[in-house]
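Okay, here's what each chain looks like letter by letter:
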Amino acid sequence: MSDASNGTAYALFDTALGRCGIAWTARGIARVLLPEADDARTRSRLLAGVDRAQRRTPTGAVRRAVALVTAHLAGKRADLGTIVLDMAAVPAFHRRVYEAARAIPSGDARAYGEIASRLGSPGAARAVGQAMRRNPFPIIVPCHRVLAAGGKPGGFSANGGLDTKARLLAIEGVELPRTSPPTKRPAVACGTFDVETARSHLVAADKRLARLMERVGPFRLQLRDTQSTFGALAEAIVYQQLTGKAATTIFGRVKALYPARRFTPEAVLATPDARLRACGLSGNKLLALRDLAAKTRSGVVPTLRRLRGMPDDEIVERLTAVRGIGRWTVEMLLIFRLGRPDVLPVDDYGVRKGFAIAFGGDLPPPRDVTARGERWRPYRTMASWYLWRAVDSLG
């Protein structure tokens, strides 16, 4: 991988599935991305959280990796197990899961529970599923070959969701059974958890919540594009206690100070206070933005890539160390940026108001929402979404 000796390099390449992306370092292949709607989106998602990546023409081992992936997606025999991966940023358990997944032969499939048992952790099927959803090396690490219990398809985080998963398996001669027509399947934009499983769990666990879900209709959570933890939190700081229109204007002015994707912690720290204040930032927000930039540069605020491999509680602890970032702000990031399945923002007015609509009575204290929310685990994000929609549609 000598052609990436300085940082990360990337390239886009054509396959039978569409235009894919690949990123690499001197240690090996760091990321692979299946086709998005267009090149700009593919490049954006491929490089999310990566600083100063350079577009290069693959040579050597990277060129061979591209050729193997291309051949595989064309239905030809290709030994993807020879491709060297850079797992330096991958959590230890995920590495073990990925190694086990790479051992699944083409044309075969395994259940999450089977993988967990092979790793000596039979109770870790859910953790295996989370590792699969965060797989940065699809195709090379064949997460499409890992299914839910009973041969059910489970989820799939790539663009196209289960349709893409079915297509990948079909290339290998495996037919993925469907439990219902795809047009009737509600979906999370990025497929971070299986919607049908979550919905079934909530309906069985709480009949009163189930009635609300029936009245509101299909689950339609849409995740926001996120290129860096710093950018997402900077936007959250600016938007606090402002109308959407005013915040959009101010944040647009701030970003306009840094053309060509140069809105970085280093750039913000080098900008005089007067220029930032002229964008409309208050004194407190200026201090918060500078603290965010400093803590991002020092590593207190993780990169987006590292964030995706961290548990929710650790993310809350790390990010609330930043001035102006409270638990609620981090919970919104967990839900709408990372698509985490089990987040219940009990201090949120909309959640509490929706709770009152669904279960009756006055606005409940957070402890009451927390208590009832125990029966919604591990899909409290879906429950939260329905409580918000109750206010919009029924309040």
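What you see is a predicted model; the values in this text were computed from it and never measured. (Residues numbered from 1 in each chain as written. Predicted model: local features only at pLDDT ≥ 70, side-chain atom pairs only at ≥ 80, totals over all residues. Heavy atoms only, no water.)

### So, helix 13 (residues 283-298)
Alright, step 1. The terminal C-alpha atoms of helix 13 lie 23 Å apart, and with 16 residues this matches the ideal 22 Å at 1.5 Å per residue to within 8%.
Alright, step 2. Contact partners of the buried residues in helix 13: helix 9 (229-239), helix 11 (265-269) and helix 12 (273-277).
Alright, step 3. Of the residues flanking the end of helix 13, it is Gly-299, one or two places downstream, whose phi is positive at about 95°. (Helix = DSSP H or I, 4+ residues; strand = E, 2+ residues; numbered from the N terminus. Expected span 1.5 Å × (residues − 1). Contact = heavy atoms within 4.5 Å.)

### Quick look at the sheet that holds strand 2 (residues 18-25)
Alright, step 1. As summarised here, the arrangement of the four strands in space is 3-2-1-4, forming an open sheet in which the pairing is mixed. Of all the strands in the sheet, just strand 3 (28-33) and strand 4 (54-55) have a single pairing partner and so form its edges.
Alright, step 2. Direction of pairing for strand 1 (residues 9-15) relative to strand 4: parallel, over a ladder of two bridges. Note that in strand 4 the partner of Tyr-10 across the bridge is Arg-55. (Pairing = 2+ DSSP bridges.)

### Quick look at empty space enclosed by the protein
Alright, step 1. On inspection of all chains with the given rule, the structure shows three cavities of 30 Å³ or more.
Alright, step 2. Considered as a void within the structure, the second largest cavity measures approximately 60 Å³ in volume.
Alright, step 3. In terms of lining, the second largest cavity is formed by Tyr-112, Met-132, Arg-133, Cys-143, Val-146, Gly-155, Phe-156, Ser-157 and Lys-165.
Alright, step 4. Here the lining of the second largest cavity is composed, by residue class, of five nonpolar, two polar and two charged. (1 Å grid on protein atoms, 1.4 Å probe; cavity = no way out; pocket = protein on both sides within 12 Å on 5 of 7 lines; lining within 4 Å. Points joined across faces, edges and corners; volume = space filled by probe spheres on them. Nonpolar A, V, L, I, M, F, W, Y, C, P; charged D, E, K, R; others polar.)

### Observations concerning the packing of aromatic side chains
Alright, step 1. Per the stated rule, a full pass over the model turns up ten aromatic pairs.
Alright, step 2. Taken together, a centroid distance of 6.0 Å and an interplanar angle of 80° make the contact between Phe-251 and Phe-263 edge-to-face. Placement of Phe-251 in helix 10 (residues 244-256) and of Phe-263 in the loop between helix 10 and helix 11 is noted, with a sequence separation of twelve residues between them.
Alright, step 3. With a relative accessible area of 13%, Phe-263 lands in the buried category.
Alright, step 4. Judged by centre distance (6.3 Å) and plane angle (20°), the ring pair of Phe-359 and Trp-376 falls under stacked. One end of the pair, Phe-359, is in helix 17 (residues 349-359); the other, Trp-376, is in the loop between helix 18 (366-373) and helix 19 (380-394), with 17 residues separating them in the sequence.
Alright, step 5. Looking at Phe-359, the relative accessible area reads 9%, which means it is buried. (Phe/Tyr/Trp six-rings, centres within 6.5 Å; stacked < 30°, edge-to-face > 60°. Buried < 20%, exposed > 50% of the residue type's maximum accessible area, 1.4 Å probe, protein only.)

### Considerations on the environment of Arg-262
Alright, step 1. Take Arg-262: it is sitting in the loop between helix 10 and helix 11.
Alright, step 2. Judged by its relative accessible area of 42%, Arg-262 is partly exposed.
Alright, step 3. Counting along the chain gives 210 residues from Arg-262 to Arg-52, while the straight-line C-alpha distance between them is 9.5 Å.
Alright, step 4. In this structure, Arg-262 is in contact with Arg-52 and Ala-267, ignoring residues within four places of it in sequence.

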